[in-house]
Amino acid sequence: MSLQRFQMFIRGEVCDATNDARYDSMDPATASAWATFPDASAADVDIAVKAAEQAFYGKEWRSLTATARGKLLRKLGDLISENTELLAQLESQENGKLIRETRGQVGYLPEFFYYMAGLADKVEGETLPIDKPDMMAYTIREPIGVVAAIIPWNSPLYLTAIKVAPALAAGNTVVIKPSEHASASIIELAKLAQQAGFPAGVLNVVTGFGPTAGSALTSHPLVRHIAFTGGSATARHVVRASAENFAHLSLELGGKSPQIVFPDADIDSAVNGIVAGVFAASGQSCVAGSRLLIHESIYEEVVQKIADRAARIQIGNPKDAATEMGPMTTEAQLNIAEKLVATALEEGATLRHGGQRPELGDASLTGWYYQPTLLECPKPSDTLMQEEVFGPVAAAIPFKTEEEALALANDSRFGLAAGIWTRDLARAHRLCRDVRSGIIWVNTYRVVSAMAPIGGFGESGYGRECGIDAVLSYTEKKTVWINLSDTPMADPFVMR
Ligand code: TXE
């Protein structure tokens, strides 16, 4: 089978790497190459950043009013809507996510652009009630400049939308470096932006690897803001790179999110929420609810129900609408899951379901599949209770009291999401107040909206995406002072 050939997108045109280097991208379901992409070098990244810098100061983008930028974003939302199937198929192909999930995610994608389109002309400065009688002072919010968006492979379009839509709404220009494992859908998105009418250079995509293209982008002196989603280890490189130029930073990293189940909860609903939280997308979700804290009185019942549901999960071809779990996106990620499960077993965990690569009926599916896996871990300090798997692996532990549940929930260096399952309103609110986590879902899980901020505490990162503040995070505040008096400047050595 011949490989599909993709090109990068710089200054409004498709292009190859200047040295023509390419790499193959693998189909996670079959473990065979399906496409090739340009392997960008630092020189290619430099071209893309300079294109974005030129567009940022260029007349075409600068002369657009905020309302006009909003209209472009709205048009882009419409074009995404018209191309839902193409984008959904590409994303499913490249990261092995279920087509039923990518259709749903891409179907909602326009909302991020519509929401940010509406905000574009609501970015306002303030007139300050200044305490100097002869002075007037006001603030202006301005775009920052070139934004570098570093995207992982698990939800490329969604994670791009929540960075690019607010960055463009605020008037910045962007260079995206998608994951080397999932670049195709993002290249198509950039082409749609061009079709929507964004000036050339406003949105660029360079493809390639983290240590080369990614590192060249995050350390580029013209990059003013880095929006990163990925792992903590890579984030540390990114933070160091940003120090060179004091680029602004937002980091959305991983998690080890707790799901806390109380005896008064709707148990079947909680079980479904837990399955959705850790087995959907094969657990490759930053908000995966992978630590199951279950009250001792219902512990066995809940664990058994999760194990039973896990056993019934249809594993198969992600392109088949009946499939419930597809492959993991990369072999490296599968290896991490296998290694962490082996460590858990060595540490004394009990396997309740899974723990193996599944036998699949379809001989063509030779890719990176792993069974939905449930273990009981004896101690909160166990590796599986502390380390992110980023795979379909859940670790359960019982608790006796609400205080103990809270202590367990907060016993993590991460703090991205948490699920609380209870019908007791006061208890729910107490835990919403006390659990240290950027997102808390009560009696539901894995719900997102353009309007609701996403981001973490601790090692889950900093900065928030989505919501009104997201657009402000892509601006700088400028303070303007105007002397209203006709009196000349007096003593130059005294601060006024
Ligand atoms: O991610 P990386 P990886 C977690 C998850 C996973 C671990 C590693 O626990 O096991 O991270 O996954 C680019 N300078 N998450 O290695 O490396 C890279 O090319 C600049 C959580 O796949 O973080 C890609 O575009 N960029 C998560 C992006 O960083 C660099 C999603 C993310 O890749 C770079 C994915 C460098 N030096 C993994 N090195 C979430 N929060 O959703 C790599 N990159």
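Residues numbered from 1 in each chain as written. Predicted model: local features only at pLDDT ≥ 70, side-chain atom pairs only at ≥ 80, totals over all residues. Heavy atoms only, no water.

A look at the sheet that holds strand E4 (residues 22–27)
The strand order E1-E5-E4 describes an open sheet built from three strands, whose pairing is mixed. Strands at the two margins of the open sheet, each flanked by one partner only, are strand E1 (4–5) and E4. As paired elements, E4 and strand E5 (residues 32–38) share six bridges and run antiparallel to each other. Within E5, the residue paired with Met 26 across the bridge is Ala 33. (Pairing = 2+ DSSP bridges. Helix = DSSP H or I, 4+ residues; strand = E, 2+ residues; numbered from the N terminus.)

Topic: the packing of aromatic side chains
A full pass over the atoms with the stated rule returns 11 aromatic pairs. Taking the centre distance of 5.5 Å and the plane angle of 55 degrees together, the rings of Phe 112 and Tyr 158 count as tilted. Of the two residues, Phe 112 sits in helix H5 (residues 99–120) while Tyr 158 sits in helix H6 (residues 156–169), which places them 46 residues apart along the sequence. With respect to class, Phe 112 is no different from Tyr 158; both count as buried. One aromatic cluster in this structure is built from Phe 6, Tyr 23, Trp 34, Phe 37 and Phe 209. Here the basic side chain of Arg 62 rests over the ring of Phe 56, its NZ or CZ set 4.5 Å away from the ring centre. (Phe/Tyr/Trp six-rings, centres within 6.5 Å; stacked < 30°, edge-to-face > 60°. Buried < 20%, exposed > 50% of the residue type's maximum accessible area, 1.4 Å probe, protein only. Lys NZ or Arg CZ within 6 Å of the ring centre and 35° of its normal.)

With respect to the site of the ligand
Taken together, 26 residues lie near the ligand, and Trp 153, Lys 177, Glu 180, Thr 234 and Glu 388 sit nearest. The backbone of Ser 215 places a nitrogen or oxygen atom 3.5 Å from a nitrogen atom of the ligand. At 3.4 Å from a nitrogen atom of the ligand is found a main-chain nitrogen or oxygen belonging to Glu 252. Compared with its free state, where it exposes 810 Å², the ligand has 85% of that area covered by protein. For the shell around the ligand, the secondary-structure elements that each account for two or more residues are helix H8 (210–218), strand E11 (223–229), helix H9 (232–245) and helix H12 (331–346). A total of three residues in the shell around the ligand trace back to one element, the largest contributor, which is H8. Of the residues in the shell around the ligand, the class split is 10 nonpolar, 12 polar and four charged. (Near = heavy atom within 4 Å. Polar contact = N/O pair within 3.5 Å; in protein donor to acceptor, adjacent residues only side chain to side chain. Areas by Shrake-Rupley, 256 points an atom, 1.4 Å probe, with all protein chains shown as cover. Nonpolar A, V, L, I, M, F, W, Y, C, P; charged D, E, K, R; others polar.)

Some words on the pairing of strand E13 (residues 258–261)
Where burial is concerned, the two faces of E13 agree: the one with Pro 258 and Ile 260 and the one with Gln 259 and Val 261 are both buried. Looking at chain direction, E13 and strand E14 (residues 291–295) are connected through four bridges and run parallel. Of the residues in E14, the one forming a bridge with Ile 260 is Leu 293. In this structure, E13 lies alongside strand E18 (residues 417–421), joined through three bridges in parallel fashion.

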